[in-house]
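Descriptive analysis of the structure
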Amino acid sequence: HGTDRALRVILGVPVVVLAIWVVGAVRVARRLPTTAAVLLAPLGLRVTEVPSMLLAGTAPMRGALTIVGRRHGRDVTVTQTPSRSLTEVRGVGAPATGSWTPARMAALTGLRVGTLRDVEVRESDGAVTVTRSGNGAGRWFLHDLVLAEAVADRRAAGERGSAR
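Description of the structure in this document. The structure presented is a predicted model; accordingly, all values stated were derived computationally and were not measured. (Residues numbered from 1 in each chain as written. Predicted model: local features only at pLDDT ≥ 70, side-chain atom pairs only at ≥ 80, totals over all residues. Heavy atoms only, no water.)

**A closer look at unusual backbone geometry**
The test is simple: Only DSSP runs of H or I with at least four residues qualify as helices, and only runs of E with at least two residues qualify as strands; both kinds are numbered from the N terminus onward.
Phi is positive for His72, close to 55°, though the residue is something other than glycine. One non-glycine residue, Asp118, lies in the positive phi region at around 60°. You can see Asp118 is positioned in the loop between helix H2 (102–109) and strand S5 (119–124).

**Quick notes on the environment of Thr109**
For clarity, the threshold we go by: By definition in these notes, contact holds between two residues if any of their heavy atoms fall within 4.5 Å. Polar contacts, as counted here, are pairs of nitrogen or oxygen atoms within 3.5 Å of one another; within protein the pair requires one atom able to donate a hydrogen and one able to accept it, and residues that are adjacent in sequence qualify only if both atoms are side-chain atoms.
Here Thr109 lies in helix H2. Separated by 41 residues in sequence, Thr109 and Ala150 have C-alpha atoms that sit 6.5 Å apart. Once you skip the residues sitting within four places of it in the chain, Thr109 turns out to touch Val146, Leu147 and Ala150. There is a polar contact of 3.1 Å between the side chain of Thr109 and the backbone nitrogen of Leu111.

**Considerations on the sheet that holds strand S2 (residues 65–71)**
Here is the rule: In short, DSSP must find at least two bridges between two strands for them to pair. Orientation is described by lines fitted to C-alpha atoms, with helices fitted over the stretch in contact, and by angles between N-to-C directions that extend from 0 to 180 degrees.
Here six strands make up an open sheet; going across it, the order is S1-S2-S3-S4-S6-S5 and the pairing antiparallel. The open sheet has two free edges, formed respectively by strand S1 (45–49) and S5, since each of these has just one partner strand. Shown here is a sheet whose adjacent strand axes are inclined to one another by a mean of 15°, direction ignored. Looking at chain direction, strand S3 (residues 74–81) and strand S4 (residues 84–90) are connected through seven bridges and run antiparallel. Looking at the pairing, Gln80 lines up with Ser85 of S4.

**A look at the nonpolar core**
In plain terms, the rule: To form a nonpolar core, buried Ala, Val, Leu, Ile, Met, Phe, Trp, Tyr and Cys residues must be joined to one another through side-chain atoms within 4.5 Å. Throughout, exposure labels follow a simple rule: accessible area from a 1.4 Å probe, protein chains only, divided by the maximum for the residue type, with under 20% read as buried, over 50% as exposed, and the rest as partly exposed.
Ranked by size, the top nonpolar core spans 22 residues in total, and within it Leu45, Val89, Met105, Val121, Val128 and Leu147 carry the most contacts. When residues of this core are traced back to their parent elements, those giving at least two are S3, H2, S5, strand S6 (127–133) and helix H3 (141–156). In terms of residue count, the dominant contributor to this core is H3 (six residues).

**Things to note about the packing of aromatic side chains**
For the record, the criterion: Two rings from Phe, Tyr or Trp (for Trp, the six-membered ring) form a pair when their centres sit within 6.5 Å of each other. Planes less than 30 degrees apart are called stacked, planes more than 60 degrees apart edge-to-face, and all others tilted. By the criterion adopted, a ring carries a charge over it if an Arg CZ or a Lys NZ lies within 6 Å of its centre and within 35 degrees of its normal.
Tallied over the full model, the rule gives zero aromatic pairs. The positively charged end of Arg104 is found above the aromatic ring belonging to Trp100, 3.8 Å away from the centroid.

**Considerations on the pattern of salt bridges**
Worth spelling out the cut-off: In what follows, salt bridge is the name for a side-chain nitrogen of Lys or Arg lying within 4 Å of a carboxyl oxygen of Asp or Glu.
Summed over all chains, the structure comprises seven salt bridges. Where Glu149 meets Arg71, a salt bridge forms, and the shortest distance between an N and an O atom there is 2.6 Å. Of this pair, Glu149 sits in helix H3 while Arg71 is found in strand S2, placing the two residues 78 residues apart along the sequence. Put simply, Glu123 and Arg155 hold a salt bridge, and the shortest N to O gap is 3.4 Å. Linking Glu123 in strand S5 with Arg155 in helix H3, this pair joins segments that are 32 residues apart in sequence. Looking at Glu123, the relative accessible area reads 18%, which means it is buried.

**Let's talk about the pairing of S5**
Of the two faces of S5, only one is covered, namely that formed by Val119, Val121 and Glu123; the face formed by Glu120, Arg122 and Ser124 stays uncovered. Sheet topology places S5 next to S6; six bridges connect them, and they run antiparallel. Looking at S6, one finds that Glu120 is bridged to Thr131. Where S5 hands over to S6, the hairpin turn is made up of two residues, of which Gly126 adopts a positive phi near 100°.

Geometric descriptors of this kind do not, in isolation, establish any biological role.
Next up, the structure:
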């Protein structure tokens, strides 16, 4: 019966690891709202919506992570899903002319061109919207916020230029 004992130990280890992981995940999830509030407050932002999903990926995520606030006299909304992040800054003037290539975005912000792939800037009357596509797009939200605010600042300064 030594084989039975060894088999129970071998099968029991993953169960113990899984239990520890679940307890840790629940503790982290409970602290998320407080942690997010502490991290985002200096930026003038707050989380207003958190997506729902079941543990272990048994169902797709529903909803989006939504962050809102007011920065530099402008309303900011960041909406994130697993494959797309949309950052909108409202309260800006008329749109500038020209297209936004990664090189032009990098020149305006000082960000590396490589961090601006799969990024699109759209300007409309009153808003600048930065959309980033791809898996994990939300992890770049501070870069996208910097970009959206830089475009808004450029418009506010009255700089009208053609694309480089």
